[in-house]
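Observations on chain architecture
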Amino acid sequence: MNIDVAGSINSGQVFLWDRYGNTWYGINGQNVLAVGSSGRIRSYLGTGTDFFRRRDDMGVILESISRDGRVKKAVKKYPGLRILDQDPFQCLISFIISSNSNIQKIRSCLGKLVQRLGEKVEFEGRVFSLFPDADRIAGATAGEIQGCGVGYRAGFVRDAARMVRDGRLDIEEIKKADYYDAMEAILSVPGVGSKVADCVMLFSLDKLDAFPLDRWMLRILEKYRGRFKPDTKTITKRQYGMLHEELVGYFGPYAGYAQQFLFKMERDDYQKGWL
């Protein structure tokens, strides 16, 4: 199946991407990726990457999630939409910064972070700043991180980096864990809630049953006439967990794909900006 490169990049999963001519360039951890309209990837490191998750059996996935009418409509509208397989540390920091913000602000903050703390490299005639690793962010001053415009999240960003650096948050082990153990591990990071944890799991840790719930998704779920309606406006950790079980029970084991198709359609219908 063909991959919609622009549509997948412009779906709220990644932020450090820009298009030059017919090519998209993006920072993915310690690498720079260049992607043309065909989906073929070139990289600064010269290594292979399954960034668009070609390993996923999309025939099986789309058939499974299209049992729901709204998802089926979204699949027809965006047949080439894909979940992206990102660098986990970059994904974690990106979504910590994303809390209570918008895509343009997130892009601005992350852009400043890589400019201030990332290593500069040249690739295909352009200069890029790689995403700073855990050691670099953990050793940064509060002022350096605060100066990136992240506000109150500065401490959370540095705490997360220190947990990864010190091995208290072992990303490779979390990747092997099931959804529930992975959720608990990520929630141990200060400033991380269930929605951020779900984003990290879905977009970088291979957990296709993760279903991030934010105001956009709650707005979408309201259209299911109370089927998934939480009891209160603010969702508690317990309510989030119960809602997740309901959603996976309804959408199936690839619920994360269903979420992404619905999220993309809702944002586009409201003509909200992407990259």
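Let us look at the structure shown here. (Residues numbered from 1 in each chain as written. Predicted model: local features only at pLDDT ≥ 70, side-chain atom pairs only at ≥ 80, totals over all residues. Heavy atoms only, no water.)

1. Remarks on the environment of alanine 134
Secondary-structure assignment places alanine 134 in helix α6 (residues 134-138). Its relative accessible area of 9% is what places alanine 134 among the buried residues. Taking the C-alpha atoms as reference points, alanine 134 and methionine 163, separated by 29 residues in sequence, lie 8.5 Å from one another. Every residue in contact with alanine 134, bar those within four places of it in the chain, is listed here: Phe89, Ala161, Val164 and Arg165. (Helix = DSSP H or I, 4+ residues; strand = E, 2+ residues; numbered from the N terminus. Buried < 20%, exposed > 50% of the residue type's maximum accessible area, 1.4 Å probe, protein only. Contact = heavy atoms within 4.5 Å.)

2. Digging into the side chain of threonine 23
Counting through the fold element by element, threonine 23 comes out in strand β2 (residues 23-28). Here threonine 23 falls in the buried class, since its relative accessible area comes to 15%. When near neighbours in sequence (up to four residues on either side) are disregarded, threonine 23 contacts Asp18, Ala34, Val35 and Arg42.

3. Topic: the packing of aromatic side chains
Scanning all chains against the criterion turns up 20 aromatic pairs. For the ring pair tyrosine 44 and phenylalanine 123, a centre distance of 6.4 Å and an interplane angle of 80° mean the geometry is edge-to-face. Placement of the pair is tyrosine 44 in the loop between β4 (41-43) and α2 (58-65) and phenylalanine 123 in strand β5 (residues 120-123), with a sequence separation of 79 residues. Note on tyrosine 44: relative accessible area 32%, which makes it partly exposed. Overall, phenylalanine 123 belongs to the buried group, its relative accessible area being 8%. Seen in terms of ring centroids, phenylalanine 211 and phenylalanine 251 are 5.6 Å apart; in terms of plane orientation they differ by 20°. Their pairing is stacked. Of the two residues, phenylalanine 211 sits in the loop between α11 (194-204) and α12 (215-222) while phenylalanine 251 sits in helix α13 (residues 237-251), which places them 40 residues apart along the sequence. The class for phenylalanine 211 is buried, based on a relative accessible area of 1%. A relative accessible area of 2% means that phenylalanine 251 is categorised as buried. An aromatic cluster of three or more residues is present, and its members are Tyr20, Tyr25, Tyr44, Phe123 and Phe128. One Lys or Arg, arginine 126, reaches over the ring of tyrosine 20 and ends 3.8 Å from the middle of that ring. Here arginine 219 stacks its cationic end above the ring of tryptophan 216, 4.6 Å away from the centre of that ring. (Phe/Tyr/Trp six-rings, centres within 6.5 Å; stacked < 30°, edge-to-face > 60°. Lys NZ or Arg CZ within 6 Å of the ring centre and 35° of its normal.)

Any functional reading would require information beyond the geometric quantities listed.
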